[in-house]
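A closer look at the structure
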Amino acid sequence: MEFTDVRGERVPKVGLGTWRLEGEECFRTVRTALELGYRHVDTAQAYDNERQVGRALAASSVDRDDAFLTTKVWPGYTDREEVVRSAAASCSRLGVESVDLLLIHWPNPLASTAEVMAGLNDCRDRGLTRHVGVSNFSTSQLRTARAASDAPVFTDQVQFHPFRPQRDLRAYCRAHDVLLTAYSPLAHGGVLRDDVLREVGVRYDKSPAQVALRWAVQQEGVVAVPKASSETHLRENLDVFDFELSEAEMVRIERPSRLRTGASMLRGRFGV
Ligand code: NAP
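Summarised in this report is the structure supplied together with it. (Residues numbered from 1 in each chain as written. Predicted model: local features only at pLDDT ≥ 70, side-chain atom pairs only at ≥ 80, totals over all residues. Heavy atoms only, no water.)

Looking now at the side chain of Thr 155. By the secondary structure assignment, Thr 155 is in strand S8 (residues 153–159). From its side chain, Thr 155 meets the backbone oxygen of Leu 179 in a polar contact 2.7 Å long. Apart from residues lying up to four places away in sequence, Thr 155 is in contact with Leu 101, Leu 103, Val 132, Gly 133, Val 134, Val 178, Leu 179, Leu 180 and Thr 181. (Helix = DSSP H or I, 4+ residues; strand = E, 2+ residues; numbered from the N terminus. Polar contact = N/O pair within 3.5 Å; in protein donor to acceptor, adjacent residues only side chain to side chain. Contact = heavy atoms within 4.5 Å.)

Written as C-alpha cells, this is what we have:
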C-alpha cells in the first residue's frame, strides 16, 4: 500500500467504498478487505451499513489505530447540535470512540454552511472525529466551507474518474493542501469496457479497472475509494502500485466528458 501525506496524516491511497454493501455481505467484504491489506474504509450514515462496517473492523486482526475510517453526516442534519448527535450515533453504530474523518455528505442548499461546519468542528473538539471534511462540494462551495471552518477541511470527496477529472477542484485542492478523495473511481463499473484503458493496460498486464485506479492515485493529493465485493476485485484494486503510467498515458486517459460520465455511470449501475 502507498500513502498520501496530508496535514501530517498518512492516508492509504486505495480505500474500500461500501455504498450498496449491506448486511452480511458488507460484513464479509469489509473483513476480507482488511485481511487482504485494506486500511481505509469509507462509509456513510446514508449507506445503512455502519454497524456491519464496525463489526468487520472489530472482527478483523487490524488494530483500530491502523485503519483510516471515514463516515458522512446525512445532509438533512442542518443544525449544529443535530450534526454532533448524529456523529455520536455513527460512532456508536461503528463501535469506535472516534472516526478518522467525518464529512458532510452533500451540500444542502437549505442549510447554513457555517452552522454545519460549526457542527463538524464541535465533533472534532469532542473527540468524535480526528478530521473534518466535505463531499460533493464544488470549488466555490469548498472555498466557503474552508472559510467557515476553524479546523482545516481535510478532504473533498467527489466523483472522480477519467471522464470526470475535476480539473478546477483538483488544482484548488493542491493549492490549499486539501485531499481529493475519488469516489466512483471506476465510474460505477462504467470504465471497464473503455478501449483506451484496455489498450494501456495491455502494456502493463493490468485490467482497465487497475489502469483507472492507477490514473487516479498517481496524481498528487488524490486517494480513491473503489467499491468491490468479490475477492478478485478487492485484490485487483490493491494491486496498482507496481507500475507507473507515463505522462503521455496520463493525458490520454483523462477525457472529460459529461456524455461519457452519464453513460458510463448508467452502464455501470444498470449493467447495460
Ligand atoms: P465504483 O467504485 O466506481 O465501481 C464499483 C463497481 O465496479 C462495482 O460494480 C464493482 O463490482 C466493480 N468493480 C470493482 N472493482 C473491480 C475490478 N477490479 N474489476 C471489475 N469490476 C470492478 O463505484 P461506486 O460504488 O459508485 O463508488 C465507490 C465508493 O465511493 C462507494 O462505495 C462509496 O463509498 C463512495 N461514494 C461516495 C459518494 C458520495 O456522495 N460521497 C457517492 C458515490 C460513491 P463488484 O462489487 O461486483 O466487485
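Now, onward.
Now for the packing of helix H3 (residues 80–94) against helix H4 (residues 113–125). As a packed pair, H3 and H4 sit with axes 8 Å apart at the nearest point and diverge in direction by 40°. In terms of orientation, H3 and H4 fall into the oblique class. Considering how the two elements wind past one another, H3 and H4 form a crossing that is right-handed. Mapping the contact onto sequence places Arg 80, Val 83, Val 84 and Ala 87 in H3 and Glu 115, Val 116, Ala 118, Gly 119, Leu 120, Asp 122 and Cys 123 in H4. When grouped by side-chain class, the residues that make up the contact of H3 with H4 number seven nonpolar, one polar and three charged. (Axes fitted to C-alpha atoms, helices over the stretch in contact; angles between N-to-C directions. Parallel < 35°, antiparallel > 145°, perpendicular 65-115°, else oblique. Left-handed = near helix turned anticlockwise from the far one by under 90°. Nonpolar A, V, L, I, M, F, W, Y, C, P; charged D, E, K, R; others polar.)

Our focus in this paragraph is helix H1 (residues 23–36). With 14 residues, H1 should cover 20 Å at 1.5 Å per step; its first-to-last C-alpha distance of 20 Å lies within 8% of that length. Turning to H1, the residues buried within the fold contact strand S3 (16–17), strand S4 (40–42), helix H2 (50–59) and helix H9 (231–238). Just downstream of H1, Gly 37 is the residue with a positive phi angle, here 120°. (Expected span 1.5 Å × (residues − 1).)

The next thing to look at is the nonpolar core. Counting 74 residues, the largest nonpolar core has Val 30, Leu 69, Leu 120, Leu 142, Leu 245 and Ile 253 as the members making the most contacts within it. The element contributing the most residues to this core is helix H8 (residues 208–217), with seven residues. Setting aside residues up to four positions removed in sequence, Leu 120 forms contacts with Val 73, Val 83, Leu 102, Ile 104, Val 132 and Gly 133. Counting eight residues, the second largest nonpolar core, distinct from the first, contains Phe 68, Leu 101, Leu 103 and Val 223. (Core = buried A, V, L, I, M, F, W, Y, C linked by side-chain atoms within 4.5 Å. Buried < 20%, exposed > 50% of the residue type's maximum accessible area, 1.4 Å probe, protein only.)

Moving on to unusual backbone geometry. The backbone phi angle of Asp 177 is positive, close to 55°, even though this residue is not glycine. Mapped onto the elements, Asp 177 comes out in the loop between helix H6 (167–175) and strand S9 (179–183). For Asp 177, a relative accessible area of 30% gives the class partly exposed. Unusually for a residue other than glycine, His 188 sits at a positive phi of about 70°. Looking at where His 188 falls in the secondary structure, it is placed in the loop between S9 and helix H7 (195–204).

All right, on to the packing of aromatic side chains then. On inspection of all chains with the given rule, the structure shows three aromatic pairs. Taking 5.2 Å as the distance between ring centres and 45° as the angle between the ring planes, the aromatic pair formed by Tyr 204 and Phe 243 counts as tilted. Here Phe 243 lies in the loop between H9 and helix H10 (247–253) and Tyr 204 lies in helix H7, a separation of 39 residues in the sequence. We note that Tyr 204, like Phe 243, is buried. (Phe/Tyr/Trp six-rings, centres within 6.5 Å; stacked < 30°, edge-to-face > 60°.)

In the vicinity of the ligand, 29 residues are found, and the nearest of them are Asp 42, His 188, Lys 227, Ser 229 and His 233. Between the ligand and Leu 186 there is a distance of 2.8 Å, counted from an oxygen atom to a backbone nitrogen or oxygen. Here an oxygen atom of the ligand and a side-chain polar atom of Ser 229 are 2.6 Å apart. Burial of the ligand by the protein chains amounts to 88% of its free accessible area of 910 Å². With three residues, the single largest contributor to the shell around the ligand is H9. (Near = heavy atom within 4 Å. Areas by Shrake-Rupley, 256 points an atom, 1.4 Å probe, with all protein chains shown as cover.)

Glancing now at the side chain of Ser 149. Tracing the backbone through its elements, the reader meets Ser 149 in the loop between helix H5 (139–148) and S8. Residue contacts for Ser 149: discarding those within four places in its chain leaves Met 117, Asn 121 and Val 132.

Quick look at the environment of Glu 81 now. Mapped onto the fold, Glu 81 is located in helix H3. Distance from Glu 81 to Glu 115, taken between C-alpha atoms, is 9.3 Å for residues 34 residues apart in sequence.

Pairing of strand S1 (residues 3–6) with strand S2 (residues 9–12) involves four bridges; the strand directions are antiparallel. Bridged to Phe 3 within S2 is Pro 12. Taking the residues between adjacent antiparallel strands as the criterion, S1 and S2 are bridged by two residues, where Arg 7 takes a positive phi near 50°. (Pairing = 2+ DSSP bridges.)

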